[in-house]
Amino acid sequence: MQQHSVSPRKRKLMLYFTYGIMTAAVALISAFCIFLVLGYRVDLKNGDVEQGALLQYRSFPAGATINLDGAALSFVTPGKQGIDVGRHTVRYNLAGFEPWEKTVTVKASELRWLNYARLVPSDLKTTSLREFPTVVGQLPSPDRKWIMLQAADSKPEFTIADLRTEDDVKFTTLALPAGTYTAPAAGQTSKFELVEWDFGARYVLVKHTIGTTIEYLRVDRTEPAAVVNLSQKLGVTPEDIHFSGTSGTVFYALDDGAIRRLDSGAGTLSQPIVSDVASFRLYKTTSLAYVKKPVDNQVSVGVVINNKAVRLKSYDASLPVSVDLNEYFNDFYLAVGRGTSVEVYKNPESDDRSRIATVGSNASISWLRFGNNGRFIVAGTGTQFTTYDIETDEKFEVNLPGTPADPAKPLQWLDDYYLVSTADNDLRMTEFDGTNQHVLTTSLAGQPVTLSSTGEYVFSLTRTQGGVYALQATAMTREQ
């Protein structure tokens, strides 16, 4: 039997040829994948290459059918899909829930997340958790696991609602021990007010007014006897004070026009960080934005970020000026509201800072706030507001129904995309752009609302027909 051997030279050429084909195939497949990821596609009708966009779909609860521009898709939420550039209308439907709809205009290569839809049950159920003869205030914690309620502002007594087991809320009483606060003299009035929780949801700041004197108390939810009288310990009576971080011992305060850092653990009070300040907004632990007092009919605004103080700009003092500070994808953003416009600055602390937008508003600006995740800026008066979306560079004008208890009080963010209004005692939920509005239940005007940590309940305060007050829970899911 005759065998034919292949020469080493020919074998090497065959190997080179095979590897070359494989390399070219891998490169071609990789290029094709990149081509698809970037949103490019070939129009089979005319052979043109076009760049599209990508939509990401998600809803709470999941499992909603998706309708895009009138056509049903083959999958349910969550999911994703490449789409053509331009204007599209998306609709989610889930049995037992109200439909959700959004119209968006997407650009070439854009990834648009429609992942925040909070579906509302068609048959909303609200349950009273506990009734109170009177309530003067309530304060939900930032982790959405606690609510502190106050029955009377003349007494140093509070009720804490433990929301960690959402369908079995527990209540405990917290009373401030005598001697931890200044007792009123004969004929003096005494008033206690809830101010804020720390970011760790353990400590609460309480303002105590005795006649014309003010003191601040730090209350420990886990150890009620361990009250710290900040004013007595540090010798200050600040005009404004806020927790810094989660230690419960560090604060930033406005004291006689100076922003100072207070440390109740060390018993220290810093030198002025910025002087002649009218108001400030603290972001997380050490970053803040401030508005200075008028000088020569000019009002200056600035920031303190990474221990660097920067005065940014001056404005005519004829109109009030408000500021807020936040981060979005590791960049700082400063919003300055004045009159009927908002200026937005990116990285205001850096030498290459830039004003990225000047947003006009249909309403005079009485309040200004960033959303929780830093993407949205809302500014307005009462229930009329303007939203600016940093990510998409879009502006939305919204005018919610109802008259609020205090037009200068900001609307509250329920989560990163939804706001709530309690005007006219209706608990109304709306998205940042005013779409998908729903009245969930009745609610006491001006009182805060909180979404549970799982998103399954909305907790609010109401006044019943019998005249008593009740902490209530509105279910955002349906019983199966």
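Being a predicted model, the structure only gives us computed values, none of them experimental. (Residues numbered from 1 in each chain as written. Predicted model: local features only at pLDDT ≥ 70, side-chain atom pairs only at ≥ 80, totals over all residues. Heavy atoms only, no water.)

Draft legend 1. Here's a closer look at the overall build of the protein. Tallying secondary structure elements over the protein gives 2 helices and 41 strands in all. Here the protein, with 480 residues, has 47% of them falling under the buried criterion. Carbon and sulfur atoms form 50% of the exposed surface of the protein, whose accessible area is close to 23,700 Å². (Helix = DSSP H or I, 4+ residues; strand = E, 2+ residues; numbered from the N terminus. Buried < 20%, exposed > 50% of the residue type's maximum accessible area, 1.4 Å probe, protein only. Areas by Shrake-Rupley, 256 points an atom, 1.4 Å probe, with all protein chains shown as cover.)

Draft legend 2. Summary view of the sheet that holds strand β33 (residues 384-389). In spatial order, the strands read β31-β32-β33-β34; together these 4 strands make up an open sheet with antiparallel pairing. Two strands in the sheet have a free side with no partner beyond their single neighbour: β31 (367-370) and β34 (394-399). Strand-to-strand, the axes of this sheet are offset by a mean angle of 15 degrees, without reference to chain direction. Where β33 and β34 come together, 6 bridges link them in antiparallel fashion. The residue bridging Thr386 from the neighbouring strand is Glu397, located in β34. (Pairing = 2+ DSSP bridges. Axes fitted to C-alpha atoms, helices over the stretch in contact; angles between N-to-C directions.)

Draft legend 3. Structural context of the side chain of Asp255. Relative to the assigned elements, Asp255 resides in strand β20 (residues 250-255). The residues touching Asp255, leaving out its near neighbours within four places in the chain, are Val236, Thr237, Pro238, Glu239 and Arg260. (Contact = heavy atoms within 4.5 Å.)

Draft legend 4. Just unusual backbone geometry, in detail. At the junction of Phe60 and Pro61, the peptide bond is cis and its omega measures out at -5 degrees in the coordinates. Counting through the fold element by element, Pro61 comes out in the loop between β3 (53-60) and β4 (65-68). Cis geometry marks the peptide bond from Thr77 to Pro78, where omega comes out at 0 degrees. Mapped onto the fold, Pro78 is located in the loop between β5 (71-76) and β6 (79-83). Backbone geometry places Arg144, a non-glycine residue, at a positive phi of 65 degrees. Take Arg144: it is sitting in the loop between β11 (137-140) and β12 (146-150).

Draft legend 5. How the structure looks around the pattern of salt bridges. In total, this model carries 18 salt bridges according to the counting rule given. The partner of Glu394 in a salt bridge is Arg112, with the nearest N and O atoms 4.0 Å apart. Here the residue Glu394 occupies a position in strand β34, and Arg112 occupies one in strand β9 (residues 111-118), the gap between them amounting to 282 residues. The class for Arg112 is buried, based on a relative accessible area of 6%. Between Asp415 and Arg118 there is a salt bridge, with the nearest N and O atoms lying 2.9 Å from each other. Of this pair, Asp415 sits in the loop between β35 (412-413) and β36 (418-421) while Arg118 sits in strand β9, placing them 297 residues apart in sequence. Arg118 sits in the buried class, given a relative accessible area of 13%. Where salt bridges share partners, they join Lys102, Glu431 and Asp433 into one cluster. (Salt bridge = Lys/Arg side-chain N within 4 Å of Asp/Glu carboxyl O.)

Limitation: the analysis is restricted to geometry and does not speak to function.
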